[in-house]
Amino acid sequence: MKKILNLLVLLGIIELSNLPAQAYLDPGTGSMILQTIIATFVAAGIAVKSFWAQIKFFFSSKKESGNDNDE
Amino acid sequence: MTNNVLEASFRDPSGFIFKQNDVLYRQINTPYKEDYDLFLKSGLYQKLIDKNYLVSHEEVGNFSEVAYKTIKPDLIDFISYPYEWSFSMLKDAALLTLKIQKIAVKNEMSLKDASAYNVQFQDGKPIFIDTLSFEKFAEKPWIAYAQFCRHFLAPLLLASYVDIRLTTLLRDYIDGIPIDLASKLLPAKTKFNPSILMHIHLQAKTIAKYEGNSTVNIKTLKMSKNNQLALLDSLKDLVNSLKWQPKGTEWGDYYTFTNYSDEAMQNKGELVKSFVEKINPKTCWDLGANNGYFTRIASDKGIPSVAFDIDPIAVEKNYLQIKNENEKNIIPLIVDLTNPSPAIGWNCRERESLISRNKVDIVFALALIHHLAISNNLPFKKIAEFFAGICNNLIIEFVPKKDSKVKILLSTREDIFPEYDEKNFKKAFLNYFRLVDKKEILNSERTLYLFSK
């Protein structure tokens, strides 16, 4: 775990920032750290999916319907 | 005035809910001024209102000098708790929370908490009730993520992969099912699902690893808006994928296997309807409602009704029908009448017991008495006392020993119920009520009674 943390620091994913702590809920340290890791993988996964979707669209003759809803 | 503050409303320094002269208000304290103003100015409030995701409110005059603002929120017909919800109700409440968080993030705000108690059901749909739960967005991990996993993800996963009855763990764990407990209870195959692996199993490990660790400063953790939205999508996809398709329980196909002929069923419905029209109640509870077939006699008339049943399948069927047909005025809940929801939480007052939540105008106790008296050994006296404590009017069906269903109940046990007859039944209830009407159900052994205080 420490290795992953160090990696994240190296990659600049974990940075210093000045944030006011107004939380009234204890979010749990482990959960906060895990989120950053999960989100990175998921976001990367979405980027890959959208890359392939664009390739498909480029080669297809049909129009793909765009989805920009809030949900 | 502090005496009228609702018992559950103490954790959030932003404000609290209170009652004054029997009207419900929410006070917004000065420290929350910026976030509240942003909530309105950013248009987020209006967006959520327009979609019917959040209870609307009107601003009223302040009752206290320390208040920034005071608002009067729209009321919920009946307050219910997550451990009383069916699978799809919990799932829809979870999805609503995620939708709201996504819209909030896109509007530069974020939910401070993701408690299941922030959601209620109104007009057949889940709705968010905590107007003060929104804070200014920041590029850091979502503070309410762990709470969302405990309140929503854990019980849904346990219901889906292990047993629906595990959702009642929410009653024991008032801040949601601990992630490590969920991780232990879930079958090994869930470790091969990347989403469940990350959100539950790995989270359980990281929570344990960092417990009591003060060397990591979480205030320095950063998470971009994009990544936050990706996390929300991941949770949404996981919740959406969860299914509960139970094999029949005892009550799942109830109305297929009752002993009512079509004629009896129809006549019973007409009688219940005529009794309801006689009383014209403002609210209705149907106890042992099964899929809400008779509850709808009241709710279809616009009477806010609650359909209670012990069987999760029946309640689920009821909810799915409400959803499909866009029905309002009815909410189905899972309750064991012999062990109804107790008061829980701080000082045993935070979340109310079932019977102290409202006094209801009319109760339906149809095809129920024999289950209470015979299956549960409850004397008529105690049953009558219970009903007298919860309602003003009662439609109750007496099911005699010669009824085939009672014969089934008695077939597997000794008949220690010499007092179980109509005479004693009537006597016990006349202690608390007066008899308004009584009709025999055609083509059946059963009699319908209408009692009023």
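Quick look at the structure, then. Remember, predicted model here, so these are calculated numbers, not experimental data. (Residues numbered from 1 in each chain as written. Chains lettered and ligands numbered in written order. Predicted model: local features only at pLDDT ≥ 70, side-chain atom pairs only at ≥ 80, totals over all residues. Heavy atoms only, no water.)

Moving on to the overall build of chain B. A tally of helices and strands in chain B yields 15 helices and 15 strands. Computed over its C-alpha atoms, the radius of gyration of chain B comes to 24 Å, within 12% of the 22 Å expected for a compact globule of 453 residues. The dimensions of chain B, computed from C-alpha atoms along their principal axes, are 75 × 55 × 40 Å. Here chain B, with 453 residues, has 54% of them falling under the buried criterion. Residue pairs in contact within chain B that sit at least 24 positions apart in sequence constitute 71% of those at least 6 positions apart. Carbon and sulfur atoms make up 50% of the accessible area of chain B, which amounts to about 20,100 Å² in all. Taking the average place of the 59 positive charges on the side chains of chain B and the average place of its 55 negative ones, the gap between the two points comes to 3 Å. (Helix = DSSP H or I, 4+ residues; strand = E, 2+ residues; numbered from the N terminus. Rg over C-alpha atoms; globule rule 2.2 N^0.38 Å. Buried < 20%, exposed > 50% of the residue type's maximum accessible area, 1.4 Å probe, protein only. Contact = heavy atoms within 4.5 Å. Areas by Shrake-Rupley, 256 points an atom, 1.4 Å probe, with all protein chains shown as cover. Lys, Arg positive; Asp, Glu negative; His and termini not counted. Charge placed at Lys NZ, Arg CZ, Asp CG, Glu CD.)

Moving on, we get to the overall build of chain A. When helices and strands are counted, chain A shows 2 helices and 0 strands. In chain A, which comprises 71 residues, the proportion classed as buried is 27%.

Right, let's get into a nonpolar patch on the surface. A cluster of nonpolar side chains, Val 48, Phe 51 and Trp 52 of chain A, forms an exposed patch at the surface whose accessible area comes to about 340 Å². In this structure, Val 48 of chain A sits in helix H2 (residues 29-59). (Patch = residues over 30% accessible without salt bridge, like charges linked within 9 Å, V, L, I, M, F, W, Y side chains within 5 Å. Salt bridge = Lys/Arg side-chain N within 4 Å of Asp/Glu carboxyl O.)

Before going further, it helps to spend a moment on the interface of chain A and chain B. Taken together, the contacts link 30 residues of chain A with 41 residues of chain B. Summing the contributions of chain A and of chain B, the shared interface buries around 3,600 Å²; its carbon and sulfur component is 67%. Inspection of the region where chain A meets chain B yields 0 salt bridges. The tally of links between chain A and chain B comes to 2 residue pairs in polar contact (both at pLDDT 80 or more). (Buried area = accessible area lost by both parts, 1.4 Å probe. Polar contact = N/O pair within 3.5 Å; in protein donor to acceptor, adjacent residues only side chain to side chain.)

With that settled, consider the sheet that holds strand E9 (residues 284-287) of chain B. Residues and elements named next belong to chain B. What the 7 strands build is an open sheet, ordered E11-E10-E9-E12-E13-E15-E14; its pairing is mixed. Among the strands making up the open sheet, the edge pair consists of strand E11 (330-334) and strand E14 (434-440). Here the strands of the sheet are splayed against their neighbours by 15 degrees on average, with no regard to which way each runs. The pairing of E9 with strand E10 (residues 305-309) spans 4 bridges and is classified as parallel. Paired with Trp 285 across the strands is Val 306, a residue of E10. Relative to the sheet, helix H13 (residues 380-390) contacts E9, strand E12 (360-365) and strand E13 (391-398), its axis offset from that of E13 by approximately 140 degrees. Helix H15 (residues 422-430) rests against E13, E14 and strand E15 (447-452) of the sheet, and its axis sits at about 15 degrees to E15. (Pairing = 2+ DSSP bridges. Axes fitted to C-alpha atoms, helices over the stretch in contact; angles between N-to-C directions.)

Residue and element names in this part refer to chain B. With respect to the helices and strands, the residue Ser 183 is situated in helix H6 (residues 179-185). Overall, Ser 183 belongs to the buried group, its relative accessible area being 16%. Once residues within four sequence positions are removed from consideration, Ser 183 is found in contact with Ile 200, His 201 and Ala 204.

If you trace the backbone, Glu 84 of chain B turns up in the loop between strand E4 (67-73) and helix H3 (87-106). If we skip the residues at most four places from it in the chain, Glu 84 of chain B touches Leu 333, Ile 334, Ser 341, Leu 354 and Arg 357 of chain B.

Here we come to the pattern of salt bridges. All names here are of chain B. For the coordinates displayed, the defined rule picks out 24 salt bridges over all chains. Note that Lys 72 is salt-bridged to Glu 58, the shortest N-O span being 3.7 Å. Note that Lys 72 is positioned in strand E4 and Glu 58 in strand E3 (residues 57-60), a separation of 14 residues in sequence. Of the residues examined, Lys 72 reaches a relative accessible area of 29% and is grouped as partly exposed.

What follows is about the packing of aromatic side chains. One pass over the structure, following the stated rule, counts 34 aromatic pairs over all chains. Ring geometry for Phe 51 of chain A versus Trp 52 of chain A: centroids 5.4 Å apart, planes at 65 degrees, classification edge-to-face. Among the residues examined, Phe 51 of chain A registers a relative accessible area of 46% and is labelled partly exposed. Measuring from ring centre to ring centre gives 5.1 Å for Phe 425 of chain B and Tyr 449 of chain B, while their planes differ by 70 degrees; the resulting arrangement is edge-to-face. (Phe/Tyr/Trp six-rings, centres within 6.5 Å; stacked < 30°, edge-to-face > 60°.)

Turning to H13 of chain B, a few remarks are in order. Owing to its 3.6 residues per turn, the α-helix brings residues three or four apart onto one side. Within H13 of chain B, burial applies to Phe 380, Ile 383, Ala 384, Phe 387, Ala 388 and Ile 390 of chain B. The inward-facing, buried residues of H13 of chain B abut E9, E12, helix H12 (369-375), E13 and H15 of chain B.

What follows deals with the sheet that holds E3 of chain B. Residues and elements named next belong to chain B. If you walk across this open sheet you meet the 4 strands as E1-E2-E4-E3, and the pairing is antiparallel. At either margin of the open sheet sits one strand with a lone partner, and together these are strand E1 (15-20) and E3. Between one strand axis and the next, the sheet turns by 35 degrees as a mean value, whatever way the strands run. Summarising the sheet, E1 and strand E2 (residues 23-29) pair through 6 bridges and their orientation is antiparallel. Across the sheet, residue Phe 18 finds its bridge partner in E2, namely Tyr 25. Against the sheet, helix H1 (residues 33-41) touches E2, E3 and E4, its axis set at about 45 degrees to E4.

The next thing to look at is unusual backbone geometry. Residues and elements named next belong to chain B. With a phi angle near 65 degrees, Asn 329 is a residue other than glycine that sits in the positive phi range. With respect to the secondary-structure elements, Asn 329 resides in the loop between helix H11 (312-324) and E11. On the basis of relative accessibility, which here comes to 22%, the residue Asn 329 falls in the partly exposed class.

Attention shifts here to the nonpolar core. Residue and element names in this part refer to chain B. Counting 120 residues, the largest nonpolar core has Phe 134, Trp 142, Ile 369, Phe 387, Leu 394, Ile 396 and Phe 429 as its most contacted members. The biggest single contributor to this core is H3, with 12 residues. Ranked by size, the runner-up nonpolar core spans 20 residues in total, among them Leu 271, Phe 294, Ile 297 and Ile 303. (Core = buried A, V, L, I, M, F, W, Y, C linked by side-chain atoms within 4.5 Å.)

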